[in-house]
Amino acid sequence: MREKVQKLNTEFKHLDAKDVLEHFLKLYIDKIALSSSFGAEDQVLTDMILKIDANTQIFTLDTGRLPQQTYDVMSRTNLKYKTKIRVYFPDCRDVERLYHKQGANGFYDSVENRKECCYVRKIAPLKRALNGLEVWITGLRAEQSPTREETEMLEWDESNGVIKLNPLISWSESDVWSYIRENGVPYNSLHNEGYPSIGCEPCTRAVQAGADLRSGRWWWESPEHKECGLHIKETN
Ligand code: SF4
């Protein structure tokens, strides 16, 4: 499968995001979905995708620790596109076990604790969401962080058994914001307050203008740890 995806990558990487989406949405119909965290890139993709096919699956992972502004943009997005983006929650028993083991804010104590929290609240629900799908659309961009620099438009995700499609991989931040302005796309108001990347409320903070785009995520950890595990690449 890895070789097949590499060939597709060579074939498609020079096409623009909309053309690639049109191709894959038509080919995979109900076996393809966008995962959205309602960040700027995901909002661009939501707009593009629903204009191509209003029935395409879009889902989000509600970790239980999101900022209110994320729920606000979720509501505004549902209203604008007359849709109801599907929400996946963590298993309540896993959250209870996590709480008993590390307390309410244990993720600040160690990388291990933080990864365990991300596993329970994000990765396990993601696996449920991807079950039965063949293509997972994401809003990754290469310039977002050192961990994403070598990401390609199409990748084989071994741990989830899906093709990962990253249509905006070569987009710049200004490409994203031009699209949002030109198309009147709703966006998270935290982006106006110095948050280029938005995740859970206790693990995200505002950054200075010009700072690394993901430096406000898990700011107490070193850059090579700054992924929640959703987008970790296998090396073989
Ligand atoms: S980002 Fe923070 S609160 Fe959210 S799942 Fe990961 S460790 Fe837990």
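On a predicted model such as this, the values are computed, not experimentally measured, just so you know.

What counts, and where the lines are drawn
- Residues numbered from 1 in each chain as written.
- Predicted model: local features only at pLDDT ≥ 70, side-chain atom pairs only at ≥ 80, totals over all residues.
- Heavy atoms only, no water.
- Near = heavy atom within 4 Å.
- Nonpolar A, V, L, I, M, F, W, Y, C, P; charged D, E, K, R; others polar.
- Phe/Tyr/Trp six-rings, centres within 6.5 Å; stacked < 30°, edge-to-face > 60°.
- Helix = DSSP H or I, 4+ residues; strand = E, 2+ residues; numbered from the N terminus.
- Buried < 20%, exposed > 50% of the residue type's maximum accessible area, 1.4 Å probe, protein only.
- Salt bridge = Lys/Arg side-chain N within 4 Å of Asp/Glu carboxyl O.
- Polar contact = N/O pair within 3.5 Å; in protein donor to acceptor, adjacent residues only side chain to side chain.
- Core = buried A, V, L, I, M, F, W, Y, C linked by side-chain atoms within 4.5 Å.
- Contact = heavy atoms within 4.5 Å.

J.: Can you explain the site of the ligand? Please cite residues and give values.
T.: Around the ligand, the neighbouring residues are Arg65, Phe107, Arg114, Cys117, Cys118, Arg121, Lys122, Cys200, Cys203 and Trp218. Considered class by class, the residues forming the shell around the ligand number six nonpolar, no polar and four charged.

J.: With reference to specific residues and values, describe the packing of aromatic side chains.
T.: For the structure on display, the rule yields nine aromatic pairs. Ring plane angle 85° and centroid distance 5.7 Å describe the contact between Phe59 and Tyr88, whose orientation is recorded as edge-to-face. Of the two residues, Phe59 sits in strand E2 (residues 57-61) while Tyr88 sits in strand E3 (residues 86-88), which places them 29 residues apart along the sequence. You'll find Phe59 and Tyr88 in the same group, each marked buried. Taking 4.8 Å as the distance between ring centres and 75° as the angle between the ring planes, the aromatic pair formed by Tyr108 and Trp220 counts as edge-to-face. In this pair, Tyr108 is assigned in the loop between helix H5 (92-102) and helix H6 (111-130) and Trp220 in the segment after helix H7 (173-183), connecting sequence segments 112 residues apart. In this structure Tyr108 comes out as partly exposed when scored by relative accessible area, which is 36%.

J.: Before we move on, can you summarise the pattern of salt bridges with the specific residues and values?
T.: One pass over the full model with this rule turns up nine salt bridges. Between Lys51 and Asp47 there is a salt bridge whose closest N-O contact spans 2.8 Å. Here the residue Lys51 and the residue Asp47 both occupy positions in helix H3 (residues 40-52), the gap between them amounting to four residues, near one helical turn. In this structure, Glu116 engages Lys101 in a salt bridge whose closest nitrogen and oxygen atoms are separated by 3.1 Å. Placement of Glu116 in helix H6 and of Lys101 in helix H5 is noted, with a sequence separation of 15 residues between them.

J.: Go over the environment of Trp136, please, and point to the residues and values.
T.: Inspection of the secondary structure puts Trp136 in strand E4 (residues 135-137). The class for Trp136 is buried, based on a relative accessible area of 1%. Between the alpha carbons of Trp136 and Gly210 there is a distance of 30 Å; along the sequence they are 74 residues apart. Within the local environment of Trp136, its side chain forms a polar contact with the side chain of Ser35, the two groups lying 2.7 Å apart.

J.: Break down unusual backbone geometry for me, with residues and values.
T.: Residues other than glycine seldom take positive phi values, yet Phe38 does so here, at roughly 70°. Examined against the element boundaries, Phe38 turns out to sit in the loop between strand E1 (32-35) and H3. With a relative accessible area of 1%, Phe38 lands in the buried category. Non-glycine residue Trp218 carries a positive phi angle of around 45°. Classification of Trp218 as buried rests on a relative accessible area of 2%.

J.: How would you explain the nonpolar core if you had to name every residue and give the values?
T.: Generally speaking, soluble globular proteins have nonpolar side chains that are buried together. One finds Phe24, Val44, Ile137, Leu154, Leu165 and Trp171 to be the most contacted residues of the largest nonpolar core, which totals 40 residues. Those residues in contact with Trp171, other than ones at most four positions away along the chain, are Ala17, Val44, Met48, Arg141, Glu143, Val176 and Tyr179. Ile123, Leu133, Val162 and Leu230 belong to the second-largest nonpolar core, a separate cluster that totals twelve residues.

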